Amino acid sequence: MKQKFDIITSTCVPLPLENVDTDQIIPARFLKATTREESFFGENLFRDWRYNPDGSINEGFVLNNPRYSGEILVAGKNFGSGSSREHAAWAIAGYGFRVVISSFFADIHKNNELNNFVLPVVVSETFLANLFDSIDKDPKTIVEVDLPNQKVTNKATGESETFEINGYKKYCLMNALDDIDFLLENQEKTEAWEVAAKA
Amino acid sequence: MANTLFDKIWDSHVVQHVEDGPEQLYIDRLYCHEVTSPQAFEGMRKRGIKCFRPGNIFCMPDHNTPTHDQDKPIGDPVSKTQVDTLARNAEEFGLAHFGMMNPKNGIIHVVGPERGLSLPGMTIVCGDSHTSTHGAMGAVAFGIGTSEVEMVLASQCILQQKPKSMRINIEGKLGKDVTAKDVALYLMSKLTTSGATGYFVEYAGEAVRNLSMEGRLTLCNLSIEMGARGGFIAPDEVTFEYIKGREYAPEGEAWDKAIKYWETLKSGDDAVFDKELTFRAEDIEPFVTYGTNPGMGIGITQSIPELDSIPEAGKASFIKSLDYMGFKPGQKLLGTPVDYVFLGACTNGRIEDFRAFASIAKGRRKADNVTAWLVPGSWMVYDQIKKEGLDQVLEEAGFEIRQPGCSACLAMNDDKIPAGKLSVSTSNRNFEGRQGPGARTVLASPLVAAAAAVTGVITDPRTL
């Protein structure tokens, strides 16, 4: 959903697993929708980990644990690997997450998050390990994600890191603009390129 | 230094460099399937715009299509809606559409190359991570999200950060029964599923050069499973020979002109890659996966790693993975009973894959404990199977050929592996639940799949 992004201060939901793939984020059988209803995808975020095969709630999964909540998902490295399905980003946004923190993201999924105004924040493995530790000790641990200053802070330890994002995308996120707006404005340049390429 | 083939193709498609941002990249070919496109078309309607270059866009359903009775309406109403929506969108926006039962229909990544739609030097995208397949033609091809599909529908461009370049050389000759699939599974086991993230991979070396076009398609298909955005192979005589005469390939003067250009598509001798890796073909044996990502693979005669050998941060995922699969650290997979065998997908659903499978099935019988689904990647493959009489060979061995589609690779149609069952699959992903909720997947080549299908257990095809 197009929304302006500034500073997010929130508790976190920890998912300390590596290589969480987009089939887990949203299984293929939920990809049959023909509209972009984020609430539908949000309800099925991590579907097969949230629910047991008989449909009952899997109490052991972190989204079902009342100790944890917030707008920030913290995940192990290589988050979002596998399928290009943007439904995974819709599910994350639809559930209410605005930030995903990990030490490493898969390429396509990272773009998909950005295109849905969810901010992927890449931190060092040490920062990530300490953050998991802080959340484990105190589920109320607050993290501040400051997009204007590209800074992420673990309020429990005071640890801070800067994170990368290109200036163009940062501007888009802060002003709720998307790439299609930009490309439509630049169609003359595309036409000029086509003419030059044919020559 | 813009002297890698990747640089040449990418840079020649840059419309502009966005200030402090990505590049605006021109796209020669967009493919749309029914799953990742409806929201993009919906976005176009909301904006009230038309496709910028409709002639560059080809649509076909593949993920939801049933693999039997395609002449009848799809039973699952939700699947039917999605497939019908693609047909309607293609018509509304004036795009080519190869619907179900159209002889040109099949899995997009099988159809594009076999129809001559994917050509050397092109930029090719699709809302599907296995778009990397088309890189085998000597193209820069990669998967994108639905917002990006909308960008291309609207402007024939996307905004994209240029990836880094990597060259992977496979030197030497592949051994008996070692296929492109085994090479890819071997590479993933070495690089992990994130080892090539941020890179575009050029495959090179003697073993790669010696691959057939179809083997190359299999290898490039799996690039994404190492995290790479795409993988490609410089076009050569094998490529040109494959393309010539295909339906949408250039002809006559246009062909001569194309060849002249295509022959220039190679990395310079002095090309510098951000990363370069070399492996020996002799070190690769038929491969199988044991875990729940494609990087968790071993040579078929090897044992699953011990827990001690796994880095601390990865232990929880490793244990979860083996629990799901019902395997133990240190265990060998040879001799493990198999419930299902799946031959097909954009990875291994081409004619050579069916020839390989049939070469083992010939004169043998399908094991009674195995349910086998043999799904051609397209109607063209299906027709070729009949033409060569492979269907007869397979039927005599107790197998039947189904109708084309993605099928049990991701189980969006009825072809779901039941919970708890073990499947030896020629597809590309062994993620939890990928082939159906609770399904357990071992990825392998068509030869290993055939060996499992006739013996009922995981078997080294070299011993048959």
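Residues numbered from 1 in each chain as written. Chains lettered and ligands numbered in written order. Predicted model: local features only at pLDDT ≥ 70, side-chain atom pairs only at ≥ 80, totals over all residues.

What follows deals with the overall build of chain B. Along the backbone of chain B there are 16 helices and 18 strands. The C-alpha atoms of chain B give 21 Å as radius of gyration, which agrees with the globular expectation for 464 residues (23 Å, within 12%). Burial statistics for chain B: of 464 residues in total, 60% are counted as buried. Pairs at least 24 residues apart make up 76% of the contacts formed inside chain B by residues separated by at least 6 positions. (Helix = DSSP H or I, 4+ residues; strand = E, 2+ residues; numbered from the N terminus. Rg over C-alpha atoms; globule rule 2.2 N^0.38 Å. Buried ≥ 20, exposed ≤ 12 C-beta atoms within 10 Å, placed from the backbone. Contact = placed C-beta atoms within 7 Å.)

Here the focus is the overall build of chain A. The helix and strand tally for chain A stands at 9 helices and 8 strands. Its C-alpha radius of gyration of 18 Å places chain A within 12% of the 16 Å reference for a compact globule of 199 residues. A principal-axis box enclosing the C-alpha atoms of chain A has dimensions of 65 × 45 × 25 Å. Here the analysis covers contacts within chain A between residues at least 6 apart in sequence; of these, 68% occur between residues at least 24 apart.

With that settled, consider the sheet that holds strand β2 (residues 23-26) of chain B. All names here are of chain B. Pairing is antiparallel across the open sheet formed by 3 strands, whose spatial order is β1-β2-β8. With one partner strand each, in any of the chains shown, β1 (14-17) and β8 (157-160) form the two edges of the open sheet. Taking the axes of each pair of neighbouring strands and ignoring which way they run, one obtains an average angle of 20° across the sheet. Relative to β8, β2 is paired through 4 bridges, and the arrangement is antiparallel. The partner of Gln 24 across the bridge, within β8, is Leu 159. (Pairing = 2+ DSSP bridges. Axes fitted to C-alpha atoms, helices over the stretch in contact; angles between N-to-C directions.)

Attention now goes to helix α5 (residues 107-114) of chain A. Counting buried residues along α5(A), 8 of its 8 residues qualify, which places the element largely inside the surrounding structure. Burial in α5(A) covers these residues: A:Asp107, A:Ile108, A:His109, A:Lys110, A:Asn111, A:Asn112, A:Glu113 and A:Leu114.

Residue and element names in this part refer to chain B. Two elements in contact, helix α2 (residues 38-47) and helix α5 (residues 146-155), have axes whose closest approach is 8 Å; the angle formed by their N-to-C orientations is 50°. With respect to each other, α2 and α5 are oriented oblique. The hand of the α2/α5 crossing is right-handed. Counting all contacts with α2, which are made through Gln 39, Ala 40, Gly 43 and Met 44, the residues of α5 involved are Thr 146, Val 149, Glu 150, Leu 153 and Ala 154. When the residues that make up the contact of α2 with α5 are grouped by side-chain class, the tally is 5 nonpolar, 3 polar and 1 charged. (Parallel < 35°, antiparallel > 145°, perpendicular 65-115°, else oblique. Left-handed = near helix turned anticlockwise from the far one by under 90°. Nonpolar A, V, L, I, M, F, W, Y, C, P; charged D, E, K, R; others polar.)

Moving on, we get to the interface of chain A and chain B. The figure often quoted for interface size is the accessible area lost as the parts come together. Taken together, the contact pairs 46 residues of chain A with 58 residues of chain B. Secondary structure elements with two or more residues in the side of chain A that touches chain B: α1 (22-25), α5, α7 (167-175), α8 (179-185) and α9 (187-198) of chain A. Here the element with the most residues in the side of chain A that touches chain B is α8(A); it accounts for 5 residues. When its residues are assigned to classes, the side of chain A that touches chain B shows 15 nonpolar, 18 polar and 13 charged.

Residues and elements named next belong to chain B. Spatially, the 5 strands line up as an open sheet ordered β5-β4-β3-β6-β7, and their pairing is parallel. A strand with exactly one partner marks an edge of an open sheet, and here the two such strands are β5 (96-97) and β7 (140-143). Sheet topology places strand β3 (residues 29-32) next to strand β4 (residues 57-59); 3 bridges connect them, and they run parallel. Paired with Tyr 31 across the strands is Phe 58, a residue of β4.

A few words now on helix α16 (residues 446-455) of chain B. Helical geometry: 3.6 residues make up each α-helical turn, so side chains three or four residues apart lie on a common side. Residues and elements named next belong to chain B. The buried count for α16 comes to 10 of 10 residues, which makes it a mostly enclosed element. Of all the positions in α16, only Pro 446, Leu 447, Val 448, Ala 449, Ala 450, Ala 451, Ala 452, Ala 453, Val 454 and Thr 455 are classed as buried. For α16, the elements touching its buried residues are β13 (287-289), β15 (340-343), α12 (345-348), α13 (351-361), β16 (371-374) and β17 (422-425).

A few words now on the domain arrangement of chain B. All names here are of chain B. Here the domain parsing of chain B yields domain 1 (1-285) and domain 2 (287-463). Each of domain 1 and domain 2 was reduced to a C-alpha centroid, and the two centroids are 24 Å apart. Domain 1 puts 38 residues into the contact, and the matching count from domain 2 is 40 residues. Going through the elements one at a time, α4 (108-114), α6 (180-191) and α8 (213-221) are the ones with two or more residues in the side of domain 1 that touches domain 2. If one sorts the elements of the side of domain 1 that touches domain 2 by residue count, α6 sits on top with 6 residues. Among the residues forming the side of domain 1 that touches domain 2, the class breakdown is 10 nonpolar, 19 polar and 9 charged. (Domains from an automatic or database assignment.)

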